[in-house]
Amino acid sequence: MIDASPFVMKPGRLTLGDLHSLWRGVRRVELDPACGPKIDAAAGLVAEILRDGRRVYGINTGFGSLANTTIAAGQLSELQRRLVLSHSAGVGAPLSARVVRLVLILKVNALARGHSGIRRQVIDALLTLLNADVLPVIPAKGSVGASGDLAPLAHMAAVLLGEGEATLGGARMPAKQALKQIGMAPIALEAKEGLALLNGTQVSTALALEGLFAGLDVFAAALTAGAMSVDAMLGSDVPFDAKIHEVRGQAGQIAVARLMRNLLHGSEIRASHLDCDRVQDPYSLRCQPQVMGAVLDTFETAAATLLCEANAVSDNPLVFAEQGEVLSGGNFHAEPVAFAADALAIAMAEIGSLSERRLALLVDAHMSALPAFLVAEPGLNSGFMIAQVTAAALVSENKILTHPASVDSIPTSANQEDHVSMATHGARRLGDIAWNCGHVVAIELLAAAQGIDLRRPLKTSPLLIQALTAVRGQAAFLNQDRPLAPDIAAVFELVAAGRFRQVLFDIEQVSALTILFS
């Protein structure tokens, strides 16, 4: 069901909040009419070039290594059609509906800035697909991240021609049938339009944005779980004292320390051991601001890059109607997205790594001062023993997935495109990393909740009681062994739905995470 209130897009001015909202939910999207004149002027310049008989790359030439081949005027529409069909060569499972919606939104946003030379009716056709819930079936694999996301975007564009496949209301069918059901005729592309649709970084960027958004949900849950683990293991809040972090000056570290202090504030458990003789907690407890603060800083840097790219014009060549110029460059090269995706991958993997180490402490009776594996009658019961093994397996899998994609390149198109970014699969693997991390954190949340409950009648802090209540709404206290897989899956759904982000927002009106959605 599409939200009745439309989102009016001002091209080039999307915020992270806009993108997150459009990714999380489904809304009707409309273009600000003010962008019309720039779109028309750029399309008009392309038409003028054709009338004058000038030879310009991308308008009346071949593509890639065939750029020096001139195409006759009568064949230009067929050129664009064949371009789309020939480039529809992707493989693998389709991208998710969420990602495809975001791809369509980003493509419309870029084209509507008026530097692509494409007619308004083609942009309107993309919006028609989006608003009618006709989503192109886009195979996930087949892009090297330059010259743009060619194969995936070709599968997107093919639906406009009545080619390929689409889903309508979730049902997969031939594109021609989907268009017929919404009363839309296939369109005929004119000069440059196929190239404008295929060139660009929108698929890489959409995948990286999804990774960022999922990573933020995991980040919020991991901070909450980390605070719960500190309390469950009678840890100290002294390492979160503001003075420690202010003298280092790292912004993310300062913000995370503040969040940890506020999460633990008012805990009866903490008050019960203020005068204990423990000197220091293990690093995975006391160094959370240093590690998670670095993660937050990395997220913010990546978010800035991805927001810039989401608003970018990244096809080629570009039309500058006011100057009467069509310039060929390389904005399709997705190196900024590749670097951002690599940074996000490393940061997310560290969230999972730190979470698993806290989990390992929780199940170790010598470190936690709790029953072995957090269960009564250890030996007869195994408790959280194998849940920790699962977390360890996921963390180690992430170590493989975090190998930088951007350090790789392979020449394509007969060596014309001799250096590429690999941004697309670099961004796509973020979904797997976030999924793995989300499950590690879900296991820690279950274990930390168990530890806190084992401290009764003492209570944790008011904010952590909120988190504990959310966990207990999905999984009961572990009195004796039972299958934990359903509990892990249920708590993971809370993580993925952003439930623990709300716990952080309850702390203060402007928290560290709101910066990313302002």
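That block above? That's the structure.
**Student:** I would appreciate a short explanation of the overall build of the protein in the present structure.
**Tutor:** Check the secondary structure of the protein and you find 21 helices and nine strands. Taking 518 residues into account, the globule formula puts the C-alpha radius of gyration at 24 Å, and the protein, at 26 Å, falls close to it. The principal-axis extents of the C-alpha atoms in the protein amount to approximately 85 × 50 × 45 Å. Within the protein, buried positions represent 55% of all 518 residues. When contacts within the protein are restricted to residue pairs at least 6 apart in sequence, those whose partners lie at least 24 apart make up 79%.

**Student:** Just to check I follow, could you spell out the sheet that holds strand E7 (residues 171–174) for this structure?
**Tutor:** Within a sheet, neighbouring strands are paired by backbone hydrogen bonds and run either parallel or antiparallel to one another. Strand order in the open sheet formed by three strands is E4-E6-E7, and the pairing between neighbours is antiparallel. At either end of the open sheet lies a strand with only one pairing partner, and these are strand E4 (134–136) and E7. When the angles between neighbouring strand axes are averaged without regard to direction, this sheet yields 35°. Two elements, E4 and strand E6 (residues 165–168), share three bridges in a ladder whose sense is antiparallel. Of the residues in E6, the one forming a bridge with Pro136 is Ala166. Relative to E4, helix H6 (residues 150–160) is tilted by about 140°, and along the sheet it contacts E4 and E6.

**Student:** Even after reading the chapter, I still don't get the packing of helix H9 (residues 202–232) against helix H15 (residues 335–363), so can you show me in this structure?
**Tutor:** Helix-helix packing is characterised by the crossing angle of the two axes and by the distance between the axes. Orientation of H9 relative to H15, taken along the N-to-C sense of each, is 20°, at an axis distance of 10 Å. Taken together, the axis directions place H9 and H15 in an arrangement best described as roughly parallel. Considering how the two elements wind past one another, H9 and H15 form a crossing that is left-handed. Judged by residue contacts, Ser204, Thr205, Ala208, Gly211, Leu212, Gly215, Val218, Phe219, Ala222, Gly226, Ser229 and Ala232 of H9 engage Val337, Leu344, Met348, Ile351, Arg358 and Leu362 from H15. Of the residues that constitute the contact of H9 with H15, the class distribution is 11 nonpolar, six polar and one charged.

**Student:** In this structure, what is going on with a nonpolar patch on the surface? I would like to understand it.
**Tutor:** A cluster of nonpolar side chains, contributed by Met385, Ile386 and Val389, occupies part of the molecular surface with about 240 Å² of accessible area. Along the polypeptide, Met385 turns up in helix H17 (residues 385–401).

**Student:** I'm lost on the pairing of E7 in this one. Help?
**Tutor:** One face of the sheet, then the other: side chains in a regular strand alternate in exactly this way. Note: E6 against E7, four bridges, orientation antiparallel. Paired with Ala166 across the strands is Met173, a residue of E7. The antiparallel hairpin formed by E6 and E7 contains two residues in its connecting segment, where Gly169 sits at a positive phi of about 60°.

**Student:** Can you walk me through helix H1 (residues 16–24) in this structure?
**Tutor:** Owing to its 3.6 residues per turn, the α-helix aligns residues three or four sequence positions apart on the same side. When we look at burial in H1, the residues that qualify are Leu16, Leu19, His20, Leu22 and Trp23. The arc enclosing the buried residues of H1, seen along the axis, measures out at 165°, which places them on a common side.

**Student:** What is the right way to read the state of the cysteines from this model?
**Tutor:** As used in these notes, a disulfide is a covalent bond between sulfur atoms, one from each of two cysteines. Inspection of every chain in the model, using the stated rule, returns zero disulfides. The structure places no disulfide on Cys276, whose sulfur is separated from the nearest cysteine sulfur, that of Cys287, by 17 Å. The thiol sulfur of Cys308 is not disulfide-bonded, and the nearest other cysteine sulfur, from Cys35, lies at 19 Å. Exposure remark for Cys308: the relative accessible area of 55% places this residue in the exposed category.

**Student:** When you look at the packing of aromatic side chains in this model, what are you seeing that I'm missing?
**Tutor:** In this description, an aromatic ring pair is defined by two values, namely the gap between the centres and the angle between the planes. Tallying each qualifying case throughout the model produces three aromatic pairs. Aromatic side chains Trp23 and Phe213 sit 5.3 Å apart centroid to centroid with 45° between the ring planes, which places their arrangement in the tilted category. Here Trp23 is found in helix H1, whereas its partner Phe213 is found in helix H9, with 190 residues between them in sequence. The pair Trp23 / Phe213 is uniform in exposure class, with both members buried. Seen from their ring centres, Phe219 and Phe299 are 6.0 Å apart, and the 50° between their planes marks the pair as tilted. Here the residue Phe219 occupies a position in helix H9, and Phe299 occupies one in helix H14 (residues 288–310), the gap between them amounting to 80 residues. Phe299 shares its class with Phe219; the two are buried. Lying over the aromatic face of Trp23, Arg98 brings its terminal NZ or CZ to 4.2 Å of the ring centre.

**Student:** What exactly am I supposed to notice about the pattern of salt bridges here?
**Tutor:** Note that side chains of opposite charge can pair when their charged atoms are close. All told, the structure shown has 23 salt bridges when counted by the stated rule. Residue Glu48 pairs with Arg54 through a salt bridge whose shortest N-O separation is 3.8 Å. Since its relative accessible area comes to 35%, Arg54 is described here as partly exposed. Where Arg101 meets Asp133, a salt bridge forms, and the shortest distance between an N and an O atom there is 3.3 Å. With Arg101 in helix H4 (residues 97–111) and Asp133 in the loop between helix H5 (120–131) and E4, this pair connects stretches of sequence that are 32 residues apart.

**Student:** When you look at the packing of H14 against H15 in this model, what are you seeing that I'm missing?
**Tutor:** Interhelical geometry of H14 versus H15 gives an angle of 155° and a closest axis separation of 9 Å. Between H14 and H15, the interaxial angle falls into the category roughly antiparallel. Where H14 crosses over H15, the handedness of that crossing is left-handed. In this structure, H14 uses Gln288, Val291, Met292, Val295, Thr298, Phe299, Ala302, Thr305, Leu306 and Glu309 to contact H15, whose residues at the interface are Pro336, Val337, Ala340, Ala343, Leu344, Ala347, Met348, Glu350, Ile351, Leu354 and Arg358. Residue composition of the contact of H14 with H15, by class: 15 nonpolar, three polar and three charged.

**Student:** How do you make sense of H14 when you look at a structure like this?
**Tutor:** Helix length check: H14 (23 residues) gives 31 Å between terminal C-alpha atoms against 33 Å at 1.5 Å per residue, within 8%. Taken as a whole, H14 has its buried residues at Gln288, Pro289, Met292, Gly293, Val295, Leu296, Phe299, Ala302, Ala303, Leu306, Glu309 and Ala310.

**Student:** Even after reading the chapter, I still don't get the environment of Arg357, so can you show me in this structure?
**Tutor:** The topology assignment puts Arg357 in helix H15. Using a relative accessible area of 42% as the deciding quantity, one classes Arg357 as partly exposed. Counting along the chain gives 35 residues from Arg357 to Ala392, while the straight-line C-alpha distance between them is 8.8 Å. Beyond its immediate chain neighbours, meaning those up to four positions away, Arg357 contacts Ser284 and Gln388. There is a polar contact of 2.8 Å between the side chain of Arg357 and the side chain of Glu356.

Conventions adopted
Residues numbered from 1 in each chain as written. Predicted model: local features only at pLDDT ≥ 70, side-chain atom pairs only at ≥ 80, totals over all residues. Heavy atoms only, no water. Helix = DSSP H or I, 4+ residues; strand = E, 2+ residues; numbered from the N terminus. Rg over C-alpha atoms; globule rule 2.2 N^0.38 Å. Buried < 20%, exposed > 50% of the residue type's maximum accessible area, 1.4 Å probe, protein only. Contact = heavy atoms within 4.5 Å. Pairing = 2+ DSSP bridges. Axes fitted to C-alpha atoms, helices over the stretch in contact; angles between N-to-C directions. Parallel < 35°, antiparallel > 145°, perpendicular 65-115°, else oblique. Left-handed = near helix turned anticlockwise from the far one by under 90°. Nonpolar A, V, L, I, M, F, W, Y, C, P; charged D, E, K, R; others polar. Patch = residues over 30% accessible without salt bridge, like charges linked within 9 Å, V, L, I, M, F, W, Y side chains within 5 Å. Areas by Shrake-Rupley, 256 points an atom, 1.4 Å probe, with all protein chains shown as cover. Salt bridge = Lys/Arg side-chain N within 4 Å of Asp/Glu carboxyl O. Arc of directions from axis to C-beta. Disulfide = S-S within 2.5 Å. Phe/Tyr/Trp six-rings, centres within 6.5 Å; stacked < 30°, edge-to-face > 60°. Lys NZ or Arg CZ within 6 Å of the ring centre and 35° of its normal. Expected span 1.5 Å × (residues − 1). Polar contact = N/O pair within 3.5 Å; in protein donor to acceptor, adjacent residues only side chain to side chain.

Everything listed here is a matter of coordinates, which is why it stays silent on function.
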